[in-house]
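Analysis of the macromolecular model
What follows is each chain in one-letter form.
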Amino acid sequence: MTVYFIGAGPGAADLITLRGLRRLESSPVCLYAGSLVPRELLDSCPPEARLVDTANLTLDEIVAELATAHADGLDVARLHSGDPSVFSAVAEQMRRLDALGVPYEVVPGVPAFAAAAASLGRELTVPGVGQTIILTRTSARATPMPPGEDLRTLGASGATMVLHLAVQRIDAVVAELLPSYGADCPVAVVALASRADEVILRGTLATIAGQVREAGIRRTAVIVVGRVLSATQFPDSHLYSAARTRPERNRAEPDRSVRDGAGQGRPEQGLDEPERA
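What this report covers is the structure whose coordinates are included nearby. (Residues numbered from 1 in each chain as written. Predicted model: local features only at pLDDT ≥ 70, side-chain atom pairs only at ≥ 80, totals over all residues. Heavy atoms only, no water.)

**A few points about the nonpolar core**
Let me state the cut-off plainly: We call a set of buried residues a nonpolar core when its members are Ala, Val, Leu, Ile, Met, Phe, Trp, Tyr or Cys and they connect through side-chain atoms within 4.5 Å of each other. Residue burial is assigned from relative accessible area. The probe radius is 1.4 Å, only protein chains are included, and a residue is buried under 20% of its type maximum, exposed over 50%, and partly exposed in between. Secondary structure elements are taken from DSSP: a helix is a run of H or I of four residues or more, a strand is a run of E of two residues or more, and numbering for both begins at the N terminus. Only heavy atoms matter for contacts: two residues are in contact if any of them lie within 4.5 Å across the pair.
Formed by 26 residues in total, the largest nonpolar core has its most connected members in Leu163, Leu177, Val189 and Ile223. When contributions to this core are tallied by element, the ones reaching two or more residues are α5 (151-155), β7 (160-164), α6 (170-181), β8 (186-191), α7 (208-215) and β10 (221-225). At five residues, the largest contribution of residues to this core is made by α6. In this view, Leu163 contacts Thr136, Thr138, Leu151, Val173, Leu177, Ala221, Val222, Ile223 and Val225; residues no more than four positions away in its chain are not counted. Residues Cys30, Leu41, Ala77 and Leu79 belong to the second largest nonpolar core, which totals 16 residues.

**So, the environment of Val228**
For Val228, the location among the structural elements is in the loop between β10 and β11 (257-259). In this view, Val228 contacts Arg122, Glu123, Leu124, Val126, Val129, Gly130 and Thr160; residues no more than four positions away in its chain are not counted.

**Let's talk about unusual backbone geometry**
Residue Leu192 is not a glycine yet carries a positive backbone phi of 55°. Within the element layout of this structure, Leu192 appears in the loop between β8 and β9 (199-204). Residues other than glycine seldom take positive phi values, yet Ser194 does so here, at roughly 80°. Mapping Ser194 onto the fold places it in the loop between β8 and β9. Judged by its relative accessible area of 23%, Ser194 falls in the partly exposed class.

Below, the structure is given as structure tokens:
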């Protein structure tokens, strides 16, 4: 058997990946975060699947469920909101499974910050304005932040910053970022990104805290801080520039991709697209 740690996406049921959906459809056991994972996804589980809401379970209780499924030879779909690589509490589960000798696989999902950027209609890496994104959080009601990862230190770079699990401390967030970003720096708060009841607030470091309080946003939100949110005057990227040198291609062979076993186009060696800069 295998435990599949599946990124269920930011909220909309149709933002799960095809791989994640297929794993969900074939697993006779499903553990899901009931307060965050859309209920519609559970309809994709096998009809007789064992469904376990982990919202009120401890880590030991969750691992016990996984170990029991392993003993019974049953695959498990372990649904997490967003993407398992960021703020998912997957690391400690994998550590326990390693100790027990239980195999697992991680299936990536759409992270909340990507869904927020889509809702805002903004690219978070804009040429000449911002090419770095800091994903972080605050330490209230959670494990302490490591040394050197406080907001004042991280904000000194002026990079675009995305904060998870921090909207309840919006006043403290603003106070810590003001010295580096300035009161006029654009800020957006996206709550319940991609869902039908999504809420979007746009403002500056000077105004956003009041907007958050007025809207009553207390959870399930990301805060985006940075000049990229309002950038309109910036150079075109080098990727599509007419000045960029491109490799010569045989005009008689317009499609120079090769096909892998899954039938997906794959560039030949040496013909990969250059990095965007």
